[in-house]
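Tertiary structure, described
Here is how the chains run, residue by residue.
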Amino acid sequence: MKRFAALYARLDSSTRSSEKRAALIDYFREAPAEDAAWTLAIFTGRRPKRAVSYPRLREWVAQEAKIPLWLVAACHERVGDFGETITLLLPGGSADTPGLAQVIRDIIQPMTRADDDAKRAVLLDVWRTFPRDQLFVFHKLISGTFRVGVQRKMVVRALAEAFGIDPGVMDHRLLGAWEPTAIDFARLIDPDATLDDDDARPYPFFLASPIEDAPGDPHELPNSLGNRHNWLAEWKWDGIRAQLIKRAGPAVIWTRGEESVAPAYPELVAAAESLPEGTVLDGEILAYDPAKQEALPFQQLQRRLNRKSVQPTLFAPDVPIVFMAYDLLESRREDQRERSLIERRARLESLFSVLDEPHIRLSPRLSTENWEQLERLREESRERRVEGVMLKRNDSPYRSGRPRGDWWKWKIDPYSIDCVLTAAQPGSGRRAGLFTDYTFAVWHRDELINVTKAYSGLSDDEFKKVDAFVRANTLERFGPVRTVTPELVFEIHFEGIQASQRNGSGIALRFPRMHRWRTDKKPADADRIETLRSLLEQVSAG
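These figures come from a predicted structure and were not determined experimentally.

**Focus on the side chain of His 172**
Mapped onto the secondary structure, His 172 falls in helix 11 (residues 167-174). Residue classification places His 172 among the buried positions, given a relative accessible area of 19%. Looking at His 172, its side chain comes within polar contact range of the main-chain oxygen of Pro 202, at 2.8 Å. Beyond its immediate chain neighbours, meaning those up to four positions away, His 172 contacts Arg 201, Pro 202, Tyr 203 and Pro 204.

**A short note on the side chain of Thr 85**
The residue Thr 85 is located in helix 6 (residues 82-88) in this model. Those residues within four positions of Thr 85 in sequence are excluded, and the remaining contacts are Val 72, Cys 75, His 76 and Val 79.

**Some words on the pattern of salt bridges**
For the structure shown, the criterion picks out 35 salt bridges. A salt bridge links Arg 247 to Glu 330; the shortest N-O distance between them is 2.7 Å. Remark: Glu 330 occurs in strand 7 (residues 321-331) and Arg 247 occurs in the loop between strand 3 (240-246) and strand 4 (252-255); sequence separation between them is 83 residues. Across the pair Arg 384 and Glu 380 runs a salt bridge whose closest N-O atoms are separated by 2.9 Å. Among the residues examined, Arg 384 registers a relative accessible area of 37% and is labelled partly exposed. The class of Glu 380 is partly exposed, set by a relative accessible area of 27%. By sharing partners, the salt bridges in this structure join Glu 234, Arg 345, Glu 349, Arg 365 and Lys 392 into a single network.

**Points about the sheet that holds strand 2 (residues 231-237)**
Across the sheet, which stays open at both edges, the 4 strands sit in the order 1-11-10-2 with mixed pairing between neighbours. Only two strands of the sheet have a single neighbouring strand rather than two, namely strand 1 (209-210) and strand 2. In terms of strand pairing, strand 1 meets strand 11 (residues 407-411) through 2 bridges, oriented parallel. Within strand 11, the position partnered with Ser 209 by the bridge is Trp 408. Where helix 15 (residues 341-354) meets the sheet, its contacts fall on strand 2, strand 10 (386-393) and strand 11, and the angle it forms with strand 2 comes to roughly 60°.

**Some points on the environment of Ser 18**
By the secondary structure assignment, Ser 18 is in helix 2 (residues 17-30). Classification of Ser 18 as partly exposed rests on a relative accessible area of 36%.

**Regarding unusual backbone geometry**
Here the phi dihedral of Lys 66 falls at roughly 60°; this positive angle occurs in a residue that is not glycine. Tracing the chain through its elements places Lys 66 in the loop between helix 4 (54-65) and helix 5 (69-79). For Arg 445, which is not glycine, the phi dihedral falls at a positive 60°. With respect to the helices and strands, Arg 445 occurs in the loop between strand 13 (435-444) and strand 14 (447-454).

**Digging into the pairing of strand 15 (residues 474-478)**
Across 4 bridges, strand 15 lies against strand 16 (residues 481-484) in antiparallel orientation. Bridging across to strand 16, Phe 478 finds its partner in Val 481. Counting the residues in the hairpin turn of strand 15 and strand 16 gives 2 residues, including Gly 479, whose phi is positive at 65°.

**Notes on the environment of Lys 521**
By the secondary structure assignment, Lys 521 is in the loop between strand 20 (513-517) and helix 18 (529-541). Owing to a relative accessible area of 25%, Lys 521 belongs among the partly exposed residues under this scheme. In contact with Lys 521, not counting residues within four places along its chain, are Asp 418 and Val 489. A polar contact of 2.4 Å, which involves the side chain of Lys 521, links it to the side chain of Asp 418.

**Overview of the confidence of the model for the chain**
Scored by pLDDT, the chain has a mean of 89; 96% of the residues are at 70 or more. Across the chain, helix 15 holds the top mean pLDDT of 97, while helix 14 (residues 298-302) sits lowest at 79.

**Description of the packing of aromatic side chains**
Counted under the stated rule, the structure contains 15 aromatic pairs. For the ring pair Tyr 27 and Phe 28, a centre distance of 5.9 Å and an interplane angle of 70° mean the geometry is edge-to-face. Ring centres of Phe 163 and Phe 185 lie 6.1 Å apart, and the angle between their planes is 80°; on these two criteria the pair is classed as edge-to-face. Here Phe 163, found in the loop between helix 10 (152-162) and helix 11, pairs with Phe 185, found in helix 12 (residues 182-188); they are 22 residues apart in sequence, far enough to count as distant. Clustering of aromatic rings is evident, with ring pairs tying together Tyr 438, Phe 440, Phe 463, Phe 490 and Trp 517. Cation over ring: Arg 228 sits above Trp 371, and NZ or CZ is 5.7 Å from the ring centre. Here Lys 392 stacks its cationic end above the ring of Trp 407, 4.1 Å away from the centre of that ring.

**Regarding helix 8 (residues 116-129)**
Compared with an ideal rise of 1.5 Å per residue, which puts 14 residues at 20 Å, helix 8 spans 20 Å between its outermost C-alpha atoms and is within 8% of the ideal. Taken together, the buried positions of helix 8 are occupied by Lys 119, Leu 123, Leu 124, Val 126 and Trp 127. Seen along its axis, helix 8 keeps its buried residues to an arc of 170°; they face one direction. Looking at helix 8, the residues exposed on the side facing more than 90 degrees away from the buried face are Asp 117 and Arg 128. Contacts made by the buried residues of helix 8 are with helix 4, helix 7 (100-113) and helix 9 (132-143).

**A few points about the packing of helix 2 against helix 10**
Interhelical geometry of helix 2 versus helix 10 gives an angle of 50° and a closest axis separation of 8 Å. When the axis of helix 2 is compared with that of helix 10, the two are oblique. Remark: the crossing between helix 2 and helix 10 carries right-handed chirality. Contacts from Ser 17, Lys 20, Arg 21, Leu 24, Ile 25, Phe 28 and Arg 29 in helix 2 reach Met 154, Val 155, Ala 158, Leu 159, Glu 161 and Ala 162 in helix 10. The class makeup of the residues in the contact of helix 2 with helix 10 is 8 nonpolar, 1 polar and 4 charged.

**Observations concerning the packing of helix 7 against helix 9**
Interhelical geometry of helix 7 versus helix 9 gives an angle of 45° and a closest axis separation of 11 Å. When the axis of helix 7 is compared with that of helix 9, the two are oblique. As for the relative orientation of helix 7 and helix 9, their crossing is right-handed in sense. Touching Leu 100, Val 103, Ile 107, Ile 108 and Met 111 of helix 7 are Phe 138, Leu 141 and Ile 142, all from helix 9. Each residue belonging to the contact of helix 7 with helix 9 can be placed in one class, and the counts come to 8 nonpolar, no polar and no charged.

Quick notes on the rules
Residues numbered from 1 in each chain as written. Predicted model: local features only at pLDDT ≥ 70, side-chain atom pairs only at ≥ 80, totals over all residues. Heavy atoms only, no water. Helix = DSSP H or I, 4+ residues; strand = E, 2+ residues; numbered from the N terminus. Buried < 20%, exposed > 50% of the residue type's maximum accessible area, 1.4 Å probe, protein only. Polar contact = N/O pair within 3.5 Å; in protein donor to acceptor, adjacent residues only side chain to side chain. Contact = heavy atoms within 4.5 Å. Salt bridge = Lys/Arg side-chain N within 4 Å of Asp/Glu carboxyl O. Pairing = 2+ DSSP bridges. Axes fitted to C-alpha atoms, helices over the stretch in contact; angles between N-to-C directions. pLDDT = per-residue confidence, 0-100. Phe/Tyr/Trp six-rings, centres within 6.5 Å; stacked < 30°, edge-to-face > 60°. Lys NZ or Arg CZ within 6 Å of the ring centre and 35° of its normal. Expected span 1.5 Å × (residues − 1). Arc of directions from axis to C-beta. Parallel < 35°, antiparallel > 145°, perpendicular 65-115°, else oblique. Left-handed = near helix turned anticlockwise from the far one by under 90°. Nonpolar A, V, L, I, M, F, W, Y, C, P; charged D, E, K, R; others polar.

Have a look at this one:
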């Protein structure tokens, strides 16, 4: 645990990518294999389940520190980070601690299955023996608040460099089924290893960049990309990015979130039997109306999300599902990614010329003579229930990650509404201690009704100013949440809208974020709930 805590401190204290990568390389080369395996799992999103609830942690820390419960809450509000707060309230110990893997295996994982008395007994022992720096990391692991400023891409590259493996190969290996064990870690870092689960292993996804980031004059986009005929254009589908893999045995479906979801889409698994063995398609899972030949709203697809299996009532015609394919990554067991897009597309179209399977469809090209025609077509995106247009350079190979220059996403302008700030709570990570997570409301008759939350879109300086306003204008406190005097107006952008019973407004916004602080507007100038309800009707009817 000492080595892992030292790594965390080294990563957390630096803002330079080169220093963080060096810290990871040093750690992976020196750490025992099982500890390194768990570190890799944690840093790539496979963290241990929360072992203790917040209420119990607050209660037991108050008892151990011999302070009232309200003081724990007050300290949390002041410090911002819950793991750091309870660490500061405890004296800690000085005993030698086991390694990370042993802590997870012998302490944290059993705690998730234990009753409260057993959990408290384990915690008391840890609190009185672990040094404070290791307590801090331990608390983050058991409370589900483990965050450090390291992206998955950096971890993959550091691991690859540490053991002399191509980063693309390492990224591909990590997408497969592996466990945080010494054996699996040894296989991951072995340059000559042949992995047993290759038949289910996806490829790293190629991600597009926003066209706003393209070089040239932003007012001339997408003309600054050059000749229109050098680019393949297609719709940007509003679904779940996935790879459909048909090798040996039943088909496998991997999402971009590194999750195997085949049981949730049995009709796609059945349809994939029509594919030649050794085929991997990149595309989008969509709710789709076969009669109208168009995508259905994303909320229809949400009925399938996070399901281990699907009930018969969710099959067509209630929620018809298709896989909309737009790239061919493997054909008859041959990796196609180094071929140009125009070659891959030709092979994909050849495949679909003989494939007669309604649940697997080919994403159509958008054939226009120039950028102006394409822009007019893009304006039809909302009517077609798509998010805009994708632009892909014809000569581009299929890369991994988000390299700029070959793939661009040209999304339609978001919806916009002016809202009043009504409540705030502290953020996390580098925003710990600042009120940066906000609740927003619109008018309903003569009252404000909350409609959404947002926590991104402002500059650091603006967040500090809003934080100062929250502290000076607090009306009530509910744990970490403060209601505030309704004075500040913000323009909120969002991508979609749907009915919801989770809040009093009956409405939920998709991907809300703050576009700007409307210092030029007063609360009375904010929008009304009728505006959102009218928009909801339009979207539902469309």
